[in-house]
Amino acid sequence: MNSLGRHILVEFTDCNSDILNDVETVEKAMVEAAKTAGATVINSTFHHFSPWGISGVVVIQESHLAIHTWPEYRYAAVDLFTCGETVDPWVSFEFLKKAFQSNKYSALEMNRGSLHVMKREDFHPKKRNDTAPIAPNAAHKIARNVWFTDKDEHQALSLRYNEVLFNETNEFQQVRIFDTPAFGKMLSINNMVMCTERDEAHYHEMIVHPAMQLLEKAENILVIGGGDGGTARELLKYPSIKKVTLVEIDEAVVRASRAHLPTMASAFDNPKLELIIGDGIEFVKKAAEASYDLVIIDGSDPVGPAEGLFTAEFYKNCARSLKSHGMLVSQGESPLFHQKTFVDLHRCLKGVFGSQNVNTLLFYASSYPTGMWSFQVASKKAMNPVKDLNTEKAAQFSAGNKLHYYNEGIHAGAFAVPNFVKKMLEL
Ligand code: SPD
């Protein structure tokens, strides 16, 4: 070879556009293409553009492989640059042709650093790098710049992630678990954040403890949704509870949580928990009258299977299944992000439980868009959620169970809503 390196400029056209827009698949293909050709991978960095397209580089001991994709044209521009005799860039070319399912392609090979036009000189650098060379097959660094975004058409919350650990789409929804550097593992449904390891305690403690602390007697509890297990975990901290029935429509949520979110899913091993994979809406239709002390609706946002969890018919059935002192807590969305759903749910519950028997509770949800989230707390009998709290008991419970978020002060503060929320809810 009379040059330092070989550079193949490749045009892959008529490719599979979904593949060209899947940053993990593209990165894996590029890294594999390098390794298959005998190269030693040093690191790779890939970026997934919004709304689509990928750029990335795999740095190899023998130069680099680079890519830019335009899924909307089913096109990828790829550079395969290798130096030395041991790596054949055409092997990478063949590998990528298959990986991107390219039906039309062209390639232009150039020699780089032609020895006809340059002469080697003695080089005595001021600064030498004498670190050991990278061993072939050594683990390489990955610097992915890929982001998960929970958004509507005007606002969003984004979290950077490293890996997608679980990804399944079934008849109900898309369930994914991401590994994020800032929030740990995160469960998402249909592209919306459900919970993250770092702040799930805010949500799960606040959906459970304010109501549980207000109930004098709570033995039999129904949870609709909550397939990650976090709500059940908090409930099972009360020795007075004899049974928790959890009705989750999508077994994939439970499976994903068991595999990747063990601190929440630990509840599924508790003998007091009965897990039913089924439709919660149908379940409450058939539930016996006056059977539960507390019903918790730990549903997703009102798109897909959770839509029916925001209707008057559903809440009438829940109310019927509650004992005379019973309470209901429902995931209430955000007054800033989902204003209409937030207001509609509050009004709907007032219609079912009576206008004096519904209270709004706000808490800080750092991984949900806008950070301000709500639960609606309804009760069969009249009560004051702040004055009726036994603060000493709540303080003891919080300290005794080493709670992360809930305490007697948070309880009182959570039921105080800002003026703009009062206005929205006509309080
Ligand atoms: N956008 C988030 C709505 C919250 C949905 N429920 C979360 C489940 C946690 N157990």
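Predicted, not measured: the structure shown is a model, and the values here were computed from it.

## Structural notes on the overall build of the protein chain
Step number 1: Of the regular secondary structure elements, the protein chain holds 13 helices and 19 strands.
Step number 2: For 427 residues, the compact-globule estimate of 2.2 N^0.38 gives 22 Å, and the C-alpha radius of gyration of the protein chain, at 28 Å, exceeds that figure by more than 25%.
Step number 3: Expressed as lengths along the three principal axes of its C-alpha atoms, the size of the protein chain is roughly 95 × 45 × 45 Å.
Step number 4: Considering the protein chain as a whole, with its 427 residues, one finds that 42% of them fall into the buried category.
Step number 5: Sequence-distant contacts, at least 24 apart, represent 67% of the contacts inside the protein chain between residues at least 6 apart.

## A word on the domain arrangement of the protein chain
Step number 1: When cut into domains, the protein chain gives domain 1 (3-114), domain 2 (148-195) and domain 3 (199-425).
Step number 2: Between the C-alpha centres of domain 1 and domain 3 the distance comes to 50 Å.

## Some remarks on the site of the ligand
Step number 1: Near the ligand lie 14 residues; those nearest to it are M194, C195, D228, G230 and D301.
Step number 2: Among the elements of the structure, β12 (192-196) and α5 (230-235) are those that each provide at least two residues to the shell around the ligand.
Step number 3: It is β12 that provides the largest number of residues to the shell around the ligand, a total of 4 residues.
Step number 4: Broken down by class, the residue content of the shell around the ligand amounts to 6 nonpolar, 5 polar and 3 charged.

## Description of the environment of T131
Step number 1: For T131, the position within the fold is in the loop between β6 (104-114) and β7 (141-151).
Step number 2: Along the sequence, T131 and G184 sit 53 residues apart, while their C-alpha atoms lie 33 Å from each other.

## Some words on helix α3 (residues 89-99)
Step number 1: Every buried residue of α3 is listed here: P89, S92, L96 and A99. Considered in projection along α3, the buried side chains sweep an arc of 80 degrees and stay on one side of the axis.
Step number 2: Buried residues along α3 sit in contact with β1 (3-13), α2 (23-36), β4 (63-70) and β5 (75-83).
Step number 3: A positive phi of about 55 degrees marks Q101, the residue just after α3.

## Side note on the pairing of strand β16 (residues 292-298)
Step number 1: Taken across its 7 residues, β16 has 7 buried, putting it largely inside the fold.
Step number 2: Across 5 bridges, strand β13 (residues 220-225) lies against β16 in parallel orientation. Among the inter-strand pairings, G225 is bridged to a residue of β16, identified as D298.
Step number 3: One ladder, built from 5 bridges, connects β16 with strand β17 (residues 322-331); its direction is parallel.

## Looking at the nonpolar core
Step number 1: The biggest cluster of nonpolar side chains holds 79 residues, and the ones touching the most others in it are A211, I221, L294, V295 and M327.
Step number 2: Per-element accounting of this core gives the leading share, 7 residues, to helix α4 (residues 200-214).
Step number 3: Viewed by domain, this core spans two of them, domain 2 (148-195) and domain 3 (199-425), each represented by three or more residues.
Step number 4: Contacts of V295, omitting those with residues within four sequence positions, involve L222, C318, S321, L322 and L328.

## Observations concerning the pairing of β17
Step number 1: Counting buried positions over the 10 residues of β17 gives 7, a clear majority of the element.
Step number 2: When β17 meets strand β19 (residues 372-379), the two strands line up antiparallel, connected through 5 bridges. Paired with S330 across the bridge in β19 is Q376.

## Remarks on the sheet that holds β12
Step number 1: Read from one edge of the open sheet, 4 strands run β9-β10-β11-β12, paired in antiparallel fashion. Each edge of the sheet is formed by a strand with only one pairing partner; in this case those strands are β9 (163-169) and β12. Each adjacent strand pair in this sheet contributes to an overall mean axis angle of 20 degrees, direction not counted.
Step number 2: Sheet analysis places strand β10 (residues 174-180) next to strand β11 (residues 184-189), joined by 6 bridges and oriented antiparallel. From the neighbouring strand, D179 faces β11, where its bridge partner is K185.

## Some remarks on the sheet that holds strand β14 (residues 243-248)
Step number 1: If you trace the 7 strands from one edge of the open sheet to the other, you get β15-β14-β13-β16-β17-β19-β18, paired in mixed fashion. Each having just a single partner strand, β15 (273-277) and β18 (358-364) make up the two edges of the open sheet. Here the average twist between neighbouring strands, direction ignored, is 15 degrees.
Step number 2: For β18 and β19, the ladder comprises 7 bridges, and the chain directions are antiparallel. Across the sheet, residue F363 finds its bridge partner in β19, namely W373.
Step number 3: Contacting β16, β17, β18 and β19, α4 crosses the sheet at an angle of about 145 degrees to β18.

## Here's the deal with the packing of helix α9 (residues 312-321) against helix α10 (residues 339-353)
Step number 1: Packing of α9 against α10 brings their axes to within 10 Å, and their N-to-C directions diverge by 45 degrees. It follows from the interaxial angle that α9 and α10 lie oblique. The handedness of the crossing between α9 and α10 is right-handed. Contact residues: α9 offers A312, Y315, K316 and A319, while α10 offers C348, L349, G351, V352 and F353.
Step number 2: A class-by-class count of the residues in the contact of α9 with α10 yields 7 nonpolar, 1 polar and 1 charged.

Calculation rules
- Each chain carries its own residue numbering, running from 1 in the direction its sequence is written.
- Whole-chain, interface and lining totals are the exception, using all residues; otherwise, since this is a predicted model, local features are given only for residues with pLDDT of at least 70 and side-chain atom pairs are given and counted only at 80 or more.
- The helix and strand labels rest on DSSP assignments: H or I over at least four residues marks a helix, E over at least two residues marks a strand, and numbering proceeds from the N terminus.
- Here the globule rule reads 2.2 Å times residues to the power 0.38, and the radius of gyration is calculated from C-alpha atoms.
- For the exposure call, what matters is how many other C-beta atoms sit within 10 Å of a residue's own: 20 or more marks it buried, 12 or fewer exposed, and in between partly exposed, using C-beta atoms placed from the backbone.
- What counts as a contact here is a pair of residues whose C-beta atoms, placed from the backbone, lie within 7 Å.
- Note that the domain bounds reflect an automated or database-derived domain assignment.
- Here, nearness means that the C-beta atom of a residue, built from backbone geometry, sits within 6 Å of the molecule or strand in question.
- Three classes are used: nonpolar for Ala, Val, Leu, Ile, Met, Phe, Trp, Tyr, Cys and Pro, charged for Asp, Glu, Lys and Arg, and polar for all others, with Gly counted as polar.
- This arc is built from the directions going out from the helix axis to the C-beta atoms.
- At least two DSSP bridges between two strands are required for those strands to pair.
- Think of a nonpolar core as buried Ala, Val, Leu, Ile, Met, Phe, Trp, Tyr and Cys residues, each tied to the set through C-beta atoms within 7 Å.
- To obtain an axis, a line is fitted to C-alpha atoms, over the contacting stretch when the element is a helix, and the angle between two such axes runs from 0 to 180 degrees between their N-to-C directions.
- Here is the rule for angles: anything less than 35 degrees is roughly parallel, anything more than 145 is roughly antiparallel, 65 through 115 is roughly perpendicular, and the remaining ranges are oblique.
- Each helix crossing is assigned a hand: it is left-handed if the near helix lies turned anticlockwise from the far helix by less than a right angle, otherwise right-handed if that turn is clockwise.

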